[in-house]
Amino acid sequence: MGTASNASTSGNNYNQWAYPKQLDAYNEAQKNQTANTGAMINAGGQITSAALPYILASDKTVKKNIIKIGEKNGINIYEFDYKTDKYPELPEGKQIGVIAQEVEHIPNAVVQGDKYKLVDYAVILPLIA
């Protein structure tokens, strides 16, 4: 049977072994979260200007097959397809983002474009990330 000192030393040795593994797991999770956030920005729609890279088409009228996939801080997050037959400038395939009409109450979140409403994801992402 070991002494309290031996038990303490064993605990410290375990912590010295486990901490780097926990830190690696944490860093990997953070990297994945950053990648997911970047994918969400890119998947949200067309970039309208180099000066405003996070302003994306998010008007409900340009979307179809809208499915709610989550909610954070009272903001719904959706998967959808753009109506590319009517709006060929928008990307094809599954997208993820918010609906402009649902976030208009957030200051500076929505901008009216020429054809449809756009969301400034630089305003929205801190609220849903």
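Structure first, text after, so check above.
Residues numbered from 1 in each chain as written. Predicted model: local features only at pLDDT ≥ 70, side-chain atom pairs only at ≥ 80, totals over all residues. Heavy atoms only, no water.

### Remarks on unusual backbone geometry
At Asn65, a residue that is not glycine, the phi angle is positive and equals roughly 55°. Topologically, Asn65 is positioned in strand E2 (residues 63-72). Phi at Asn108 takes a positive value of approximately 65°, unusual for a residue other than glycine. When you line up the elements, Asn108 lands in the loop between helix H2 (100-103) and strand E5 (110-112). (Helix = DSSP H or I, 4+ residues; strand = E, 2+ residues; numbered from the N terminus.)

### Describing the sheet that holds E2
Strand order across the open sheet formed by 3 strands is E2-E3-E4, with antiparallel pairing between neighbours. Each end of this open sheet is capped by a strand with a single partner; those strands are E2 and strand E4 (95-97). Across the sheet, the mean angle from the axis of one strand to that of its neighbour is 25°, orientation sign disregarded. For E2 and strand E3 (residues 75-82), the ladder comprises 7 bridges, and the chain directions are antiparallel. From the neighbouring strand, Lys72 faces E3, where its bridge partner is Ile75. (Pairing = 2+ DSSP bridges. Axes fitted to C-alpha atoms, helices over the stretch in contact; angles between N-to-C directions.)

### Thoughts on the environment of Val98
Along the chain, the position of Val98 falls in the loop between E4 and H2. Taking C-alpha positions, Val98 is 5.9 Å from Tyr78, a pair spaced 20 residues apart along the chain. Other than its neighbours up to four places away in sequence, Val98 contacts Ser58, Lys63, Ile75, Asn76, Tyr78, Val103, Val119, Tyr121, Ile124 and Ile128. (Contact = heavy atoms within 4.5 Å.)

### Section: the pattern of salt bridges
If you walk through the whole model with that rule in mind, you get 3 salt bridges. Between Glu89 and Lys115 there is a salt bridge; the shortest N-O distance is 3.2 Å. On the criterion of sequence distance, the pair formed by Glu89 in the loop between E3 and E4 and Lys115 in the loop between E5 and strand E6 (117-120) is long-range, its members being 26 residues apart. You can call Glu89 partly exposed: its relative accessible area is 27%. Note on Lys115: relative accessible area 54%, which makes it exposed. (Salt bridge = Lys/Arg side-chain N within 4 Å of Asp/Glu carboxyl O. Buried < 20%, exposed > 50% of the residue type's maximum accessible area, 1.4 Å probe, protein only.)

### Things to note about the side chain of Ser58
Along the chain, Ser58 turns up in the loop between strand E1 (55-57) and E2. Ser58 sits in the buried class, given a relative accessible area of 0%. The residues contacting Ser58, other than those within four sequence positions of it, are Lys63, Val98, Ile99, Ala100, Gln101, Lys117, Leu118, Val119 and Tyr121.

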